[in-house]
Amino acid sequence: MNAPPQLFVRSVPLPDDRDLLAHLPDDAPLAWLHGGSGLVAWGEAARVVLPARTEPGDVQRFTAAARWFAGLEPQVDDQVRRPGSGLMAFGSFAFDPRSDGSTLVVPRVAVGRDRSGTWLTTIGDQPGRHPAELLAPHAPPRPVGPLRWTDGARTAEDWGTQVATAVRRIRGGAYDKVVLARDRYAEAESPIDPRTLLARLAADYPTCYAFTVDGLTGATPELLIRREGEDLTSLVLAGTAPRGGTEVEDRRLGQDLAESAKNAEEHRYAVDSLRDRLAPLCTAFDAPDRPELLRLANVQHLASPVRATLRPGASTLDVVAAMHPTAAVGGTPTEAAVEAIRGLEGMDRGRYAGPVGWIDADGNGEWGIALRCAQLDGPRARLIAGCGIVAGSRPEEEITEADAKFEVMRAALTDGE
Ligand SMILES: C=C(O[C@@H]1C=C(C(=O)O)C=C[C@H]1O)C(=O)O
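Residues numbered from 1 in each chain as written. Predicted model: local features only at pLDDT ≥ 70, side-chain atom pairs only at ≥ 80, totals over all residues. Heavy atoms only, no water.

Assigned secondary structure in the chain consists of 8 helices and 23 strands. At 21 Å, the chain has a C-alpha radius of gyration in line with the 22 Å of a compact globule built from 417 residues. The C-alpha extent of the chain, read off along each of the three principal axes, is 65 × 50 × 45 Å. Here the chain holds 417 residues, and 55% of them are scored as buried. In the chain, the proportion of contacts linking residues at least 24 apart, taken out of those at least 6 apart, comes to 75%. Approximately 17300 Å² of the chain is accessible, and the part contributed by carbon and sulfur atoms is 50%. In the chain, the 46 positive side-chain charges and the 59 negative ones have mean positions that sit 1 Å from each other. (Helix = DSSP H or I, 4+ residues; strand = E, 2+ residues; numbered from the N terminus. Rg over C-alpha atoms; globule rule 2.2 N^0.38 Å. Buried < 20%, exposed > 50% of the residue type's maximum accessible area, 1.4 Å probe, protein only. Contact = heavy atoms within 4.5 Å. Areas by Shrake-Rupley, 256 points an atom, 1.4 Å probe, with all protein chains shown as cover. Lys, Arg positive; Asp, Glu negative; His and termini not counted. Charge placed at Lys NZ, Arg CZ, Asp CG, Glu CD.)

Scanning all chains against the criterion turns up 3 cavities of 30 Å³ or more. As a volume, the largest cavity reaches approximately 190 Å³. Top element by residues in the lining of the largest cavity is strand β23 (residues 380-389). It accounts for 5 residues. Per-class residue counts for the lining of the largest cavity are 10 nonpolar, 5 polar and 6 charged. (1 Å grid on protein atoms, 1.4 Å probe; cavity = no way out; pocket = protein on both sides within 12 Å on 5 of 7 lines; lining within 4 Å. Points joined across faces, edges and corners; volume = space filled by probe spheres on them. Nonpolar A, V, L, I, M, F, W, Y, C, P; charged D, E, K, R; others polar.)

Quick look at the site of the ligand now. Glu222, Thr240, Tyr352, Arg372 and Gly386 are the nearest of the 18 residues found near the ligand. The separation between an oxygen atom of the ligand and a polar main-chain atom of Gly239 is 2.9 Å. The separation between an oxygen atom of the ligand and a polar side-chain atom of Glu266 is 3.2 Å. Calculation on the ligand without its partners gives an accessible area of 390 Å², and the protein chains cover 100% of this total. Using a 2 Å cut-off from the grid points, one finds that the ligand occupies the largest cavity. (Near = heavy atom within 4 Å. Polar contact = N/O pair within 3.5 Å; in protein donor to acceptor, adjacent residues only side chain to side chain. Sits in = over half its atoms within 2 Å of the grid points.)

Mapping Val356 onto the fold places it in strand β20 (residues 355-360). In this structure the C-alpha to C-alpha distance between Val356 and Pro333, which are 23 residues apart in sequence, comes to 23 Å. Apart from residues lying up to four places away in sequence, Val356 is in contact with Trp32, Gly91, Ser92, Phe211, Val213, Glu366, Trp367, Gly368, Ile369 and Ala370.

Here the focus is the packing of aromatic side chains. Aromatic ring pairs are defined here through the distance separating the ring centres and the angle between the ring planes. Counted under the stated rule, the structure contains 3 aromatic pairs. Pairing Trp32 with Tyr209 gives two aromatic rings, centres 5.2 Å apart and planes at 25 degrees, and the pair type is stacked. Of this pair, Trp32 sits in strand β2 (residues 30-34) while Tyr209 sits in strand β12 (residues 209-213), and the two are 177 residues apart along the sequence. Assessed through its relative accessible area of 6%, Tyr209 is described here as buried. Relative to Trp367, the ring of Phe93 has its centre 5.8 Å away and its plane inclined at 45 degrees; by these criteria the two rings are tilted. One end of the pair, Phe93, is in the loop between β6 (88-92) and β7 (102-106); the other, Trp367, is in strand β21 (residues 365-369), and 274 residues separate them in sequence. In terms of burial, Phe93 and Trp367 fall into one category: buried. Three or more aromatic residues joined by ring pairs make a cluster, and in this case those are Phe62, Phe93 and Trp367. Above the face of the Phe406 ring, Arg184 is positioned so that its terminal group lies 5.2 Å from the ring centre. (Phe/Tyr/Trp six-rings, centres within 6.5 Å; stacked < 30°, edge-to-face > 60°. Lys NZ or Arg CZ within 6 Å of the ring centre and 35° of its normal.)

This brings us to the pairing of β21. Buried residues dominate β21, accounting for 5 of its 5 residues. Here β21 shows a buried face lined by Gly365, Trp367 and Ile369 and a second buried face lined by Glu366 and Gly368. Pairing geometry for strand β14 (residues 223-228) and β21, over 4 bridges, is antiparallel. Looking across to β21, one finds that Arg227 is bridged to Gly365. Pairing between β20 and β21: 5 bridges, direction antiparallel. Across the sheet, the residue bridging to Gly357 is Trp367, located in β21. Linking β20 back to β21 in an antiparallel pair, the connection comprises 4 residues, with Gly363 at a positive phi of about 95 degrees. (Pairing = 2+ DSSP bridges.)

The next thing to look at is the UniProt feature "domain: Chorismate-utilising enzyme C-terminal" (unreviewed entry) in the chain. UniProt marks residues 156-405 with the feature "domain: Chorismate-utilising enzyme C-terminal" (unreviewed entry), using the numbering shown here. Between the C-alpha atoms that bound residues 156-405 there is a distance of 13 Å. The span itself is 36% helix and 35% strand. (UniProt positions renumbered as here; feature names shortened; annotations may be inferred.)

All right, on to unusual backbone geometry then. In this model, His324 is joined to Pro325 through a cis peptide bond whose omega is -10 degrees. A cis amide bond links Thr332 with the next residue in sequence, Pro333, at an omega value of -10 degrees. If you check the backbone angles, Ala28 has positive phi at about 45 degrees while not being a glycine. Ala28 gets classed as exposed once you look at its relative accessible area, which sits at 54%. Although it is not a glycine, Arg81 adopts a positive phi angle of roughly 50 degrees. Secondary-structure assignment places Arg81 in the loop between β5 (75-78) and β6. Accessibility expressed as a relative area gives 66% for Arg81, which makes it exposed.

What follows deals with the layout of surface pockets. Its volume calculated, the largest pocket comes out at about 450 Å³. Around the largest pocket, the lining is made up of 19 residues, and of these Asp114, Arg115, Arg226, Glu228 and Glu366 lie nearest the centre. Those elements that provide at least two residues to the lining of the largest pocket are β3 (37-42), β8 (109-114), β14, β15 (231-242) and β21. Taken together, the residues that form the lining of the largest pocket break down as 4 nonpolar, 6 polar and 9 charged.

Written out as structure tokens, the structure reads:
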């Protein structure tokens, strides 16, 4: 880890109501968008990359990142003083401590917006200088063009066989729940512009969190944690049904989901594990007795909005470290589930299903679970989607559910839809 540079940070109000995405250049953009608010950023004032580790359950990538960020000690002129103004960083962490790619990036320029207005933050190694790229006009987002689709580590059928294996092991008592995912590739003829995907994702999924960090681009419905001062909020999702073709069918599918014992069990594991993990870090935990229905364009989920109060001294990335992996993306019990994932999926998840989001110097921030996303690499996109498997799961239904989750990025990658 290099010694962090001396940074000069300035945040000023920006009288601007253009779409946040209109500010973003195509070169390594960073974004976190939620219903018209959020942060977009570009350039790199500082970065830390956390190496892969071999110890099971290792949280070193989170603690080392937190230490690095706390050690930046910039000179700050923050005339905005809102969550996200002043010094901030985007981050994205690998699902498995054994994978590479975890990082925090402090951008050179960020534009933020919340209910009270828009602001501009510049971060550089010299005081009072605005980076030249601020003034540069950006080329408009490029269409994706034709795509060639291929399977990743497993075909749908092979993956279904792994699901059946997991169900057998669950019935045999090896673990209670495991979330299994598979990957697919889309190859374009030229580099894919993340801004094109973000614009489509933000339009189609306004209640989700559209993000891009180091090419990992998606729209997740699942908020791991939002912190404002000492208040924490989280949205636990587990349990999924398709959307209906008609209003009546849609309502029936939603009602079946709400009444399904299999989905209630899957959901309960997720809420219980969150409560256990937050207990040492929080003074209050409030979850509804029954989950709500969250309707998205592609699927509907059982959702529990959770509130908690952070204990003094606990940091945001401590909370992220304690929460990851939730039962919604790992399983129950965690260690056995993560070990099963390594064996059954036959691939490296990378940063899929890991925490993605942003943090500011006061500890405010928003972290989602990187779902409904693709890792972009030039003209290639690697899509990953998965499903929670419990004793009552059926492989054919899980294949259909994973396809519904792939649909988010398939549509975002498809021009003219
Ligand atoms: C694992 C994914 O989604 C998770 C699994 C869900 C389920 O199995 O019902 C629902 C929401 C997410 O917590 C994914 O989108 O890839």
